[in-house]
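# Coordinate analysis (summary)
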Amino acid sequence: MSETLQYSREHHPEDTVVEVGEAKIGGDHFTVIAGPCSVESEEQIVTVAKAVKAAGAQLLRGGAFKPRTSPYDFQGLKAEGLKLLSIAKAETGLPTVSECMGADDLPLFEDVDVIQIGARNMQNYELLKAVGKLDKPVLLKRGRANTLREFLLSAEYILAEGNSRVILCERGIRAFDEGSRNTLDLAAISMLHERTHLPVIVDPSHAAGIAKLVPTMAMAATACGCDGLMIEVHTDPESALSDGLQSLRPEEFAGLMGQVRQIREIANGK
Ligand code: PEP
Ligand code: MN
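The rules we used
Residue numbers run consecutively from 1 along every chain, following the written order of its sequence. Chains and ligands are labelled by the order in which they are written, letters from A for the one and numbers from 1 for the other. For a predicted model such as this one, the threshold for reporting local features is a pLDDT of at least 70, and the threshold for listing and counting side-chain atom pairs is 80 or more; totals across whole chains, interfaces and linings nevertheless cover every residue. The basis for the side-chain values is all heavy atoms of the structure; hydrogens and waters are excluded. Going along the chain from the N terminus, every DSSP run of H or I of four or more residues is numbered as a helix, and every run of E of two or more is numbered as a strand. Throughout, exposure labels follow a simple rule: accessible area from a 1.4 Å probe, protein chains only, divided by the maximum for the residue type, with under 20% read as buried, over 50% as exposed, and the rest as partly exposed. In this description, contact between two residues means that some pair of their heavy atoms is separated by no more than 4.5 Å. Here the open area of atoms and residues is found with the Shrake-Rupley method and a 1.4 Å probe, where only the protein chains shown may cover a residue. In summary, the charge assignment counts Lys and Arg as positive and Asp and Glu as negative, without counting His or the chain termini. By convention, the point assigned to a charge is CZ for Arg, NZ for Lys, CD for Glu and CG for Asp. Side-chain rings of Phe, Tyr and Trp, where Trp is taken by its six-membered ring, are said to pair if the distance between their centres is within 6.5 Å; with planes under 30 degrees apart they count as stacked, over 60 as edge-to-face, and otherwise as tilted.

Moving on: the overall build of the protein. Looking only at helices and strands, one finds eight helices and ten strands in the protein. In terms of overall dimensions, the protein has a C-alpha envelope of 50 × 45 × 40 Å along the principal axes. In the protein, which comprises 270 residues, the proportion classed as buried is 54%. A fraction of 69% describes how many contacts in the protein between residues 6 or more apart in sequence connect residues 24 or more apart. A total accessible area of about 11700 Å² is found for the protein, and carbon and sulfur atoms account for 51% of it. Counting 28 positive and 38 negative side-chain charges, the protein places the centres of these two groups 2 Å from one another.

The following block contains the structure:
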């Protein structure tokens, strides 16, 4: 590789700030994305959207196409889920984030503000090239067994197609302990900031896999200088159709937002 990679600080020394509606991600900003793992019903997504907005989240997440380990688990409401997400967006004004698993589905995502590429698809190069051709931001999650170089080169696939609005998301990597779902790689935050101008956010929900661990992981990531967080929130985690174990209740999320604000004041002034 002879030319300078577009993700690198050499190519673009200043932090990239990705704008999504009124939200800004990167640079001096700190941005929180929150919502359920899966969109389940209109009432569920609208209730959670209002709650996370009131607690300070700037973007709403909600999966409609779900990459589940077992083919027999809930696979998402698909097109219907995206319609319900649009209703929540209209009701709250929050921009939305949702995962796309295949380029053929992209036309359904017209009203989604940020396309999420999940950990399992981090090296789906055809999908990366397809979202690289879009005129909307992409939230790229780190694969659970991928190095930072591989992560950054996957971002490069999107940048190389002309889409400069890429947000990186560390969401835990596979380790050998079975107690938590993954292991949050906190060092990745600084290492990525050194190597790239792209914003780096952290998803403590998938990293931990257990709701009890999510607040501490979120605060640790904040202290380490991430540009924002993505957190799963559900009004009734016990009955969630996916990832209930790691979902915070709205009041727990609101409490965490207060703690995160305090950490930011101490740690980096963001
Ligand atoms: C998700 O955000 O719900 C998800 C499936 O995340 P990941 O790709 O990080 O597992
Ligand atoms: Mn999830």
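Okay, back to it.
All right, on to the packing of aromatic side chains then. This model, assessed by the stated rule, comprises two aromatic pairs. A centroid spacing of 4.4 Å and a plane angle of 25° characterise the contact between Y125 and Y157, whose relative ring orientation is stacked. Note that Y125 is positioned in helix α3 (residues 125-132) and Y157 in helix α4 (residues 148-160), a separation of 32 residues in sequence. Residue Y125 is classed as partly exposed on the basis of its relative accessible area of 32%.

Any functional reading would require information beyond the geometric quantities listed.
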